[in-house]
Amino acid sequence: MVCRSLFVLLLLQLLSFESYGVSDSGSNVKACHEMDLKGLTEFKAGIKIDSSDRLKAWTGHNCCKWDGIVCHNETGRVSQVNLPGVFTRDDAPFSTNMVGEISPSIALLTNLEVLDLSSSINLKGNIPQEICKLSSLRELNLVNNMLTGPVPENFGQLTKLEAVYLNYNSLSGTLPTSIGNLKKLKKLVLNKNKISGKLPDAVVELTNLVILDLGGNVLSGSIPNEIGNLRDLEQLDLSNNKLSGKIPISIANLTALTLLDLGFNRLEGNIPFPSNNSYMLSLAYLNLNNNQLNGQIPSTFGSLTSLKRLHLENNKLGGPIPSSFGNLSSVTDLYLGGNNLSGNLPVSIGQMKELLVLSVPHNSIKGPFLKEISLIPYLQILDLSFNALNISSIPKWLLQMHSIRSLNLAGNNINGPIPEILKYAAGSVMELDLSVNNLTGPIPEWLGSFGKLYSLKLSRNSLDSGIPASVLRLNNLGDLDLHSNRLTGSIDVFQELNGNMLNLDLSDNQFSGGIGTLGKGSSGKNIRNLNLSRNKLSGGVPDSIGIMESLERLDLSYNQLGSRLPQVLGNVSMLVSVLLEKNQFTGEVPKSFLNLSRLHEINLSYNKLEGEIPFGKPLSDFPISAFVGNKGLCGKPLIPCKR
């Protein structure tokens, strides 16, 4: 009898265990609620592919044990759905994707607090309107998918929301005005979508916001004047939109800001902040670039002592650079180019000891060359191009700053031969730009001693003679621009090139002879952009061009090249632009050109080509101007051929 009683008790315990599940936190909870089970089952049905196989294991009735599901300890209702596309499995990072749509039945999870389907990559369709019924939702994370359509109109019903991440999708339409009801919202991140219309005034009612990121959309109109009401805001990003009007004065009230990015808009007027020396002391990143801002840079910028990166380039700012910039001792990146700044660089700039980038091109900064720059110990990039420095000579102290990796002095009226004093920088400089000056004489052999040089730009000067082999053999040289000089001699030097060359522009010189070594050796395989136009080149294009598998842009126009166009050119599948006009090419247009599926620009005009233009894409899509001036050529888009 005792044994029988024990058996019955054991059986009841087993049945009891089947009636309870275990949450992800390890506590016993009731079995999955029928509405939750239905909602999750229909969500699973909407997902056609789950490369992680997490949904495959969603079987049985105890959904609280399913991967990615968290249930409330007391009620047993589903409180979290965590199915991010990037997660940890067996202590290693794991990336996966889901293909499908979010089922409206997700709304059956009426106690849901967290929904994370981030970085699933291939979730498509609209955000279901029914999601607005999830009145307990605190966090919604659908970042990095392919969702389309608008943000649901009744989004403001989700009054418990604290964080919304919908960035990196293709959402469109306008932001619903009901968004102003989300009084608990701290993070609203919608960047990199296609949201249009005005930024609703209701946004300024979200006074608990810490992060507001709407960058990379199509928003228009002005920034709400009351934006300064968001006193807790730490990050404000409205960049890459079509916002216009003035920056509101109230923005100076955002004293908690660490990041402010309004770049790439159509904003105008003066910069209205900081209004005094006690505001915005936490601001570390400020970007106002590519707008239409005018007036002077406020001297109060010197109070932004936490600032690390400052972008004001490509506006209409004038006047001098404030001497208060010397107080910005933490700034690493300073971009002021493309404005109307005048006067001298302030002496105080030498106090910016953390500066890595000093970029002030395309202004009206005057000389003399500020020696205090030499006091900046870690400066790596110095761009003073296209100013009014009128540099008679490059100072020795500048070239002895061995921290400098990129030196750009283009457009500063440097006269005479390439200064031999540049030798002092041979061991450190990786990028050197002296283009658009008044340099004369030959390119010196000693430039071949710049072992770290990656980019050399000497275009639009009056340099003559040839290109030293020592320069062409520089192991790291990937970008060589010598266009618009008076260089002469043979251009058939392609076997001399190192194998790392990506961009080569020798156009508008006086080079002559053939190009028979083009593509031969290891040099041609990596070149992406090759411009030999406007020289005196003759002969044919060799078949070896067919192995230049990385070539994207080829310009041989305005030369004296002849013979037939090589069939193998059609094998260079990466080509997007082929310019061969104003030469003496003969024969037919190769049918292999139809293989160039990426091609969106071609010009074969004014040669001696004949026969029918091969019919089909991409050739049939180009205008008449791409083929005119070839008397024997016919077929679309020219006149039909005679049969």
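Residues numbered from 1 in each chain as written. Predicted model: local features only at pLDDT ≥ 70, side-chain atom pairs only at ≥ 80, totals over all residues. Heavy atoms only, no water.

Another aspect to go through is the overall build of the chain. Within the chain one finds four helices and 50 strands. Seen along its three principal axes, the alpha-carbon backbone of the chain occupies a region of about 110 × 75 × 50 Å. Each of the 643 residues in the chain was classed as buried or not, and the buried ones make up 53%. Within the chain, counting contacts between residues at least 6 apart in sequence, those at least 24 apart form 54% of the total. Measuring between centres, the 55 positive side-chain charges of the chain sit 3 Å from its 53 negative side-chain charges. (Helix = DSSP H or I, 4+ residues; strand = E, 2+ residues; numbered from the N terminus. Buried < 20%, exposed > 50% of the residue type's maximum accessible area, 1.4 Å probe, protein only. Contact = heavy atoms within 4.5 Å. Lys, Arg positive; Asp, Glu negative; His and termini not counted. Charge placed at Lys NZ, Arg CZ, Asp CG, Glu CD.)

What follows deals with the state of the cysteines. A covalent bond bridging the sulfur atoms of two cysteines is what the word disulfide describes. According to the stated counting rule, one finds three disulfides in the structure shown. Covalently, Cys 32 is tied to Cys 63 through a disulfide, its sulfur atoms 1.8 Å apart. Given an S-S torsion of about 85°, the disulfide between Cys 32 and Cys 63 has right-handed geometry. Taken together, the positions of Cys 32 in the loop between β2 (28-30) and α2 (34-46) and Cys 63 in the loop between β3 (47-50) and β4 (69-71) put the pair 31 residues apart, joining distant regions of the chain. Residue classification places Cys 63 among the buried residues on the basis of a relative accessible area of 0%. The disulfide partner of Cys 634 is Cys 641, and the S-S distance across this bridge is 1.9 Å. With the S-S bond torsion at 100°, the cross-link from Cys 634 to Cys 641 turns out right-handed. (Disulfide = S-S within 2.5 Å.)

In total, this model carries one cavity of 30 Å³ or more according to the counting rule given. Approximately 40 Å³ is the volume attributed to the largest cavity. Across the lining of the largest cavity, the residue classes break down as seven nonpolar, one polar and no charged. (1 Å grid on protein atoms, 1.4 Å probe; cavity = no way out; pocket = protein on both sides within 12 Å on 5 of 7 lines; lining within 4 Å. Points joined across faces, edges and corners; volume = space filled by probe spheres on them. Nonpolar A, V, L, I, M, F, W, Y, C, P; charged D, E, K, R; others polar.)

In the structure shown here, the tally under the stated rule is eight salt bridges. Residue Lys 617 pairs with Asp 621 through a salt bridge whose shortest N-O separation is 3.1 Å. You can call Lys 617 exposed: its relative accessible area is 59%. Accessibility expressed as a relative area gives 48% for Asp 621, which makes it partly exposed. (Salt bridge = Lys/Arg side-chain N within 4 Å of Asp/Glu carboxyl O.)

The strand order across the open sheet formed by three strands is β3-β8-β10, and the pairing between neighbours is mixed. On the outer flanks of this sheet lie β3 and β10 (121-124), each paired with one strand and no other. The sheet shows a mean angle of 10° between the axes of neighbouring strands, direction not considered. As paired elements, strand β8 (residues 98-101) and β10 share four bridges and run parallel to each other. (Pairing = 2+ DSSP bridges. Axes fitted to C-alpha atoms, helices over the stretch in contact; angles between N-to-C directions.)

This brings us to the environment of Tyr 279. One can find Tyr 279 in the loop between β22 (266-269) and β23 (285-287). What makes Tyr 279 partly exposed here is its relative accessible area of 27%. For Tyr 279 and Ile 102, which are 177 residues apart along the polypeptide, the C-alpha to C-alpha distance reads 45 Å. Apart from residues no more than four positions distant in its own chain, Tyr 279 is found in contact with Ala 252, Asn 253, Thr 255, Pro 274, Ser 303 and Leu 304.

Let us now look at the sheet that holds strand β30 (residues 364-365). Taken in spatial order, the three strands line up as β26-β28-β30 in an open sheet, and their pairing is parallel. Each edge of the sheet is formed by a strand with only one pairing partner; in this case those strands are β26 (318-319) and β30. Bridging between β26 and strand β28 (residues 340-343) involves two bridges; their strand directions are parallel. Opposite Gly 318, over in β28, you have Asn 340 as the bridge partner.

Our focus in this paragraph is the pairing of strand β47 (residues 584-587). One ladder, built from three bridges, connects strand β45 (residues 560-564) with β47; its direction is parallel. Within the sheet, the bridge partner assigned to Arg 564 lies in β47 and is Thr 586. Sheet topology note: the β47/strand β49 (residues 608-612) ladder contains two bridges and is parallel. Within β49, the residue paired with Thr 586 across the bridge is Lys 608.

The subject of this paragraph is the confidence of the model for the chain. Across the chain, the average pLDDT comes to 92, with 94% of residues at 70 or higher. Under a pLDDT of 50 for its full length, residues 1-29 has, in the predicted model, 34 contacts with residues more than four places off or in other chains. (pLDDT = per-residue confidence, 0-100.)

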